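# Close look at the chain arrangement
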There are 2 protein chains.
Amino acid sequence: MRAAVMYKAGDVRVEDRPDPTIVDSTDAVVRTLAACVCGSDLWPYRSMPATGAGRPMGHEFLGVVEETGADVAGLAPGDLVVAPFTYSDNTCDYCAEGLHISCRNGGRYGFDGVDGGQGEVVRVPYAAGTLVKLPVAADSALLPSLLALSDVMTTGHHGAVTAGVIRGDAVLVVGDGAVGLCAVIAAKRCGAERIVLAGRHRARTDLGREFGATDVVAERGEEGVARIRELTGGVDKVIEAVGTRQALDTALGAVLDGGTISRLGVPQYEQGPIGPAVFMRNVTLTGGASPARAYIEQLLPDVLDGTIVPGRVFDRAFSLDQTPDAYRAMAGRQVLKALIRP
Amino acid sequence: MRAAVMYKAGDVRVEDRPDPTIVDSTDAVVRTLAACVCGSDLWPYRSMPATGAGRPMGHEFLGVVEETGADVAGLAPGDLVVAPFTYSDNTCDYCAEGLHISCRNGGRYGFDGVDGGQGEVVRVPYAAGTLVKLPVAADSALLPSLLALSDVMTTGHHGAVTAGVIRGDAVLVVGDGAVGLCAVIAAKRCGAERIVLAGRHRARTDLGREFGATDVVAERGEEGVARIRELTGGVDKVIEAVGTRQALDTALGAVLDGGTISRLGVPQYEQGPIGPAVFMRNVTLTGGASPARAYIEQLLPDVLDGTIVPGRVFDRAFSLDQTPDAYRAMAGRQVLKALIRP
């Protein structure tokens, strides 16, 4: 089969790899119909040291089950399924609490002998616990929005859930990437009255407005904070979908005392400002890597009936062989989120 | 009147000061019956640079209303009242949300011309919003526990509330000071099933056991974390009642993925470890300075009927003139919490 492999920063190749087969009795083999490139794939694309073997890439995909191991209940060849961006057994104590990202048996695509999602076929460990069946046909127009449930939409939703967004809230979303835009959808879905989107890429913030942002702030740093405070008097909740210290500082500057900041962007820093000033203001810092699996069934009805259309974040489609172009286009910010159709 | 004033680290004096009178129409003048020394008073006691005028000390007191300004509704001379450790109008947007510590008109005793609580008489700003009437006689045996509502008990409660302690939780309380011990009371009151108290002062941890701690861990650092993990497999919630980086590291080491750490000790650090490791584990950092005023009426019934007896943290009483001895005894850890009877 063909699959994308990264050898070093800037070097993604699509090449022939062995056809995945069942290894463990809990595996399934899935033929991908749609995959995508994640904002987090761009970190190694910018910085990964050279590696001889290469790393299979991609962790968001949707496809058709081809084969299941002996211990995979509830799935059969021919089922259309979406995969959350990590696999999980859905039975351990963490999964039972809805924290599938911390699954005791979980792991990441592209590591430990597991295929990446940017390829024709993927062996999925703990398939019964991981994959979610989709009640649509393989040619459904809903596929992009269903694919968004594998990561960006469930991650945006994690931000709204952990921030505790409720009806009437004023919410700031920092970042106009696909996760930030899905966080706008999620904040609106949870009843936020005011949604300020901090971003400066016009096409993206325009989409953010269509998703429910009531205001857009293009200014950054102190100027951005001043503008958000001027517009709102301070926000109740912040969903921080970037991961830089500047984004965190914007969140801290904009949030009201007693408010909550949920982080969705992997922090690009080790230490942060959690000293007496934040303490005296009773600001809560929450969020983290999304337990996507916990949210897919919850959001599925809204995707199926068109209440939310997160698939609109995909603004260009590529064939599998064009995957290197997809990386280039996303890294150069010509494309918001690349859809890959193997 | 006589009152305690700090002039520099280690230098607390009790001296004559002008008798407080009504300055603003929202003031009340309160004659103190009981006051105390706070763990936070020990920070300036250890480090305050010399100051010519001195700083009136104390922010926890209980007493009898002597006089009220023209705009003080609901209070009259003779009323027995307890003061939360900051004053607040109880009407602004923050107070309306129960975040009195951030009151738009609030402030601290001993600053801005307001008396400290360690004195015979105190002018209380925004008295109607600040003071809570107590339905007991001035010689009630409940006075120490009612005084504890001014800070330590309402602060411990803030830890349990913000950590989200619920029935069945395993909770770690870091610190065996008066706030930590009150956090044990609060965690038990919220239904925690397992309460591990991290502390090494035997008399205090024994009191902690009487308050509801099921386990005591005296080890610190990595050894302490290992012991807590061995006992519990990791805790759901942590109430961190110290404020040092070591205490935070213990909290981070002991908490389960997806768990919550509530900080009650003022951080003695500006930067903390909130990088990718904490992010991937979905650990929430919450807590802060307690809005004591918001909790007094909520906890009052439990104090009045003896369900909780936080006054047991007071292990020695001093006269007002002995206040310097009280500081010395607390700084030297001979006394857990000093009660002052003017």
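Residues numbered from 1 in each chain as written. Chains lettered and ligands numbered in written order. Predicted model: local features only at pLDDT ≥ 70, side-chain atom pairs only at ≥ 80, totals over all residues. Heavy atoms only, no water.

As recorded in an unreviewed UniProt entry, chain A goes by the name Alcohol dehydrogenase catalytic domain-containing protein, listed as coming from Streptomyces kunmingensis. The heading Cofactor (unreviewed entry) in the UniProt record of chain A holds the text "Zn(2+)". (UniProt positions renumbered as here; feature names shortened; annotations may be inferred.)

## Some remarks on the UniProt feature "domain: Enoyl reductase (ER)" (unreviewed entry) in chain A
The feature "domain: Enoyl reductase (ER)" (unreviewed entry), as given by UniProt, occupies residues 10–340 of chain A in the numbering adopted here. With 31% helix and 24% strand, residues 10–340 of chain A has end C-alpha atoms that lie 18 Å from one another. (Helix = DSSP H or I, 4+ residues; strand = E, 2+ residues; numbered from the N terminus.)

## Topic: the domain arrangement of chain A
Residue and element names in this part refer to chain A. Parsing chain A into structural domains produces domain 1 (2–151 + 291–341) and domain 2 (162–287). Distance between the C-alpha centres of domain 1 and domain 2: 27 Å. Listed by partner, the interface residues are 13 residues for domain 1 and 13 residues for domain 2. Counting the surface lost from both domain 1 and domain 2, the interface buries some 1200 Å², and carbon and sulfur atoms represent 60% of this. Counting the surface domain 1 buries against domain 2, the share from its top three residues, R312, R333 and L336, is 45%. At the boundary of domain 1 with domain 2, the tally comes to three salt bridges. D302 is the partner of R189 in a salt bridge, and the nearest nitrogen-oxygen pair spans 2.7 Å. It is helix 11 (residues 292–304) that contributes the most residues to the side of domain 1 that touches domain 2, three residues altogether. Along the lines of polarity and charge, the residues of the side of domain 1 that touches domain 2 split into eight nonpolar, one polar and four charged. (Domains from an automatic or database assignment. Contact = heavy atoms within 4.5 Å. Buried area = accessible area lost by both parts, 1.4 Å probe. Salt bridge = Lys/Arg side-chain N within 4 Å of Asp/Glu carboxyl O. Nonpolar A, V, L, I, M, F, W, Y, C, P; charged D, E, K, R; others polar.)

## Topic: the sheet that holds strand 1 (residues 2–8) of chain B
Residue and element names in this part refer to chain B. Spatially, 2-1-4 is the arrangement adopted by the three strands of the open sheet, whose pairing is antiparallel. Where the open sheet ends on each side, the last strands, each with one partner, are strand 2 (11–16) and strand 4 (55–56). Sheet topology note: the strand 1/strand 4 ladder contains two bridges and is antiparallel. The partner of V5 across the bridge, within strand 4, is P56. Helix 12 (residues 323–331) rests against strand 1 and strand 2 of the sheet, and its axis sits at about 160° to strand 2. (Pairing = 2+ DSSP bridges. Axes fitted to C-alpha atoms, helices over the stretch in contact; angles between N-to-C directions.)

## Brief notes about the relation of the copies chain A and chain B
Least-squares fitting of chain A to chain B yields an RMSD of 0.0 Å, with the transformation described by 0.0 Å of translation along the axis and a rotation of 180°. Seen this way, the second copy is the image of the first under a two-fold rotation axis. Most of the interface of chain A is mirrored in chain B, where 100% of its interface residues again form contacts. (Least-squares fit on C-alpha atoms with pLDDT ≥ 70 in both.)

## Describing empty space enclosed by the protein
The full count for this structure, using the stated rule, is five cavities of 30 Å³ or more. Volume-wise, the largest cavity comes out at about 100 Å³. Every residue lining the largest cavity is counted, 13 residues in all, and those nearest its centre are A:I274, A:V278, A:V283, A:L285 and B:R263. Elements with a contribution of two residues or more to the lining of the largest cavity: helix 9 (245–254) and helix 10 (276–280) of chain A together with strand 17 (284–287) of chain B. With three residues, strand 17 of chain B is the single largest residue contributor to the lining of the largest cavity. Among the residues making up the lining of the largest cavity, the classes are represented as 10 nonpolar, two polar and one charged. (1 Å grid on protein atoms, 1.4 Å probe; cavity = no way out; pocket = protein on both sides within 12 Å on 5 of 7 lines; lining within 4 Å. Points joined across faces, edges and corners; volume = space filled by probe spheres on them.)

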